[in-house]
Amino acid sequence: MNLDDLRGLDRLPAYVYDLPGLKAHVATIRGALAGTELFYAAKANPDAEILRTIAPHVDGVEVSSGGELTHVRETLPGIRLAFGGPGKTDEELALAAGADRVHVESPRELNRLRGPADVLLRANLPFHAPDAALTMSGPFGMDEDALDACAARMAEIPHLTLRGVHAHLASGLDAPTMLGLAHRIAEWALPWLKTRGVDDPELNIGGGMAVDYTSPGTLFDWPAYGAGLAGIPARLRVEPGRSMTAYHGWYVTDVLDVKTTRGETYVILRGGTHHLRTPVTKGHDQPFTVLTADGPESPATLVGQLCTPKDVFARDVPVPPLRPGDLVAFAMAGAYAWNISHHDFLMHPKPAFHYLR
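Right, let's walk through the structure included here. Bear in mind that the values here come from a model prediction, so they are computed numbers and not experimental data. (Residues numbered from 1 in each chain as written. Predicted model: local features only at pLDDT ≥ 70, side-chain atom pairs only at ≥ 80, totals over all residues. Heavy atoms only, no water.)

1. A closer look at the overall build of the chain
Of regular secondary structure, the chain possesses ten helices and 18 strands. Its C-alpha atoms give the chain a radius of gyration of 22 Å, near enough to 21 Å, the size a compact globule of 357 residues would have. Taking as baseline every contact in the chain between residues at least 6 positions apart, the subset at least 24 positions apart corresponds to 71%. Within the structure as shown, the chain displays about 15500 Å² of accessible surface, and the carbon and sulfur contribution to it stands at 53%. Of note, the chain has its 32 positive side-chain charges centred 3 Å away from the centre of its 42 negative side-chain charges. (Helix = DSSP H or I, 4+ residues; strand = E, 2+ residues; numbered from the N terminus. Rg over C-alpha atoms; globule rule 2.2 N^0.38 Å. Contact = heavy atoms within 4.5 Å. Areas by Shrake-Rupley, 256 points an atom, 1.4 Å probe, with all protein chains shown as cover. Lys, Arg positive; Asp, Glu negative; His and termini not counted. Charge placed at Lys NZ, Arg CZ, Asp CG, Glu CD.)

Next up, the structure:
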């Protein structure tokens, strides 16, 4: 994408989504995963234009709430849906009718599932994932005893069909680590499913592919991952989210003030982490480009307008001399950015949205 596309926006702050870049990236992922089903995790970014751009290149969409489910059905009528999430209400379970798969998280949730459904039981397995950014333990999925109880119960419920196991255990992993984890999951799950009469076992090994905000040009090794999955004798499904869309969104804003306090320089930007929560959530400096200034660089901390010291985009980073009105564009803002941010804190205006086509 040409950075000139980020200049001259009519209202700031603004999100800018590079749809051609996203389309090419997702097509590359699709090509690397021949033989593996590819679902997009809508929680990463449910923007309707993002969904429409991704849809032709995926086998379906994973949703984790009734709101996501309804939104995706309205945006992409007829697309296959996988419905997950650890706290489904009765109303949400009713909405799951017609979903391609329902990911059941507990014995009680199984007993509340009405109507025909193809089920994956979510497994909480004791497998360590080194260097994981997040470990999906605790309330997510079931241990072996609960899985056994669900499998036995399903044998008594004719309208439910056990198709396999869902085991998303960690996030932020590189391809070799994810492959090792996938093979360990398969070594446990395939014999377990066979003893329960599942002849065509399915394994959903989730998402969690690493995205390195310190190195925007470093991408997850999709070809190696796809080749390594080919040796698992099961119907496989993956559900990437962040690793699909993060690279194709920018948050563009302008400088309101620059000041030095006790020897430290602060650049105060329009907007803040109520629009782009990613750096606070992940604990990193959000990568950025200064669009309208150059010159010798010196350290400064880029902050927003919020009344909290946590409203920080990037801390002690080198920037050229900045003045009010200069433009700053934060990269890698296409996932877990606007949609997870606390929009109404201080009731500042919402950002604008622009789509490069």
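We are not done yet, so read on.
2. Some remarks on the packing of aromatic side chains
For the structure shown, the criterion picks out 13 aromatic pairs. Relative to tryptophan 222, the ring of phenylalanine 220 lies with its centre 4.8 Å away and its plane at 65 degrees, an arrangement referred to as edge-to-face. Tryptophan 222 matches phenylalanine 220 in its accessibility class, with the two residues each being buried. Measuring from centroid to centroid gives 6.3 Å for tryptophan 222 and tyrosine 225, while their planes differ by 70 degrees, and the two rings are edge-to-face. Of this pair, tryptophan 222 and tyrosine 225 are both found in helix H8 (residues 222–229), three residues apart, which corresponds to roughly one turn of the helix. Each member of the pair, tryptophan 222 as well as tyrosine 225, is classed as buried. Put simply, the rings of Tyr15, Tyr17, Tyr251, Phe288, Phe313, Phe330, Trp338, Phe353 and Tyr355 pair up and form one aromatic cluster. Lying over the aromatic face of phenylalanine 83, lysine 88 brings its terminal NZ or CZ to 5.7 Å of the ring centre. Here arginine 184 stacks its cationic end above the ring of phenylalanine 127, 4.3 Å away from the centre of that ring. (Phe/Tyr/Trp six-rings, centres within 6.5 Å; stacked < 30°, edge-to-face > 60°. Buried < 20%, exposed > 50% of the residue type's maximum accessible area, 1.4 Å probe, protein only. Lys NZ or Arg CZ within 6 Å of the ring centre and 35° of its normal.)

3. Some thoughts on the pattern of salt bridges
In total, this model carries 22 salt bridges according to the counting rule given. For aspartate 100, the salt bridge is made with arginine 80, and the minimal N-O distance between the two is 3.3 Å. Note that aspartate 100 is positioned in the loop between helix H4 (90–95) and strand S5 (101–104) and arginine 80 in the loop between helix H3 (66–75) and strand S4 (81–83), a separation of 20 residues in sequence. You can call aspartate 100 buried: its relative accessible area is 16%. (Salt bridge = Lys/Arg side-chain N within 4 Å of Asp/Glu carboxyl O.)

4. Some remarks on the sheet that holds strand S11 (residues 235–238)
Spatial strand order, S2-S3-S4-S5-S6-S8-S10-S11: eight strands in a closed barrel with parallel pairing. Here the average twist between neighbouring strands, direction ignored, is 30 degrees. Examined bridge by bridge, strand S3 (residues 60–63) and S4 share three bridges and lie parallel to one another. Bridge pairing links glutamate 62 to alanine 82 in S4. (Pairing = 2+ DSSP bridges. Axes fitted to C-alpha atoms, helices over the stretch in contact; angles between N-to-C directions.)

5. Considering the environment of arginine 237
Mapped onto the fold, arginine 237 is located in strand S11. Linking arginine 237 and tryptophan 338, residues 101 residues apart in sequence, is a C-alpha distance of 27 Å. In this structure, arginine 237 is in contact with Thr36, Glu37, Phe39, Arg80, Ala82, Asp100, Arg101, Leu203, Asn204, Ile205 and Gly206, ignoring residues within four places of it in sequence.

6. Points about the pairing of strand S2 (residues 37–41)
Among the five residues in S2, five count as buried, and that is most of the element. A two-sided burial pattern is seen for S2, the buried positions comprising Glu37, Phe39 and Ala41 on one face and Leu38 and Tyr40 on the other. Sheet topology places S2 next to S11; two bridges connect them, and they run parallel. Residue leucine 38 lies in a different strand from S11, and its bridge partner there is valine 238. In terms of strand pairing, S2 meets S3 through three bridges, oriented parallel. Residue pairing across strands places tyrosine 40 opposite valine 61, the latter belonging to S3. In this view, the connection linking S2 to its parallel neighbour S3 by way of helix H2 (residues 48–54) has right-handed handedness. (Right-handed = clockwise from strand over helix to strand, strands pointing away.)

7. Considering the pairing of strand S15 (residues 298–303)
As judged from the three bridges shared by strand S13 (residues 264–269) and S15, these two strands associate in the parallel manner. The partner of valine 267 across the bridge, within S15, is leucine 302. Pairing of S15 with strand S16 (residues 312–319), which is carried by five bridges, proceeds in the antiparallel orientation. Among the inter-strand pairings, serine 298 is bridged to a residue of S16, identified as valine 319.

8. Remarks on helix H7 (residues 175–194)
Look at H7: 28 Å from first C-alpha to last across 20 residues, which is about the 28 Å you get at 1.5 Å a residue. Looking at H7, one finds that the buried residues are Ala175, Met178, Leu179, Leu181, Ala182, Ile185, Ala186, Trp188, Ala189, Leu190, Trp192 and Leu193. The secondary structure elements touched by the buried residues of H7 are strand S6 (117–122), helix H6 (144–154), strand S8 (160–166), strand S10 (202–204) and H8. (Expected span 1.5 Å × (residues − 1).)

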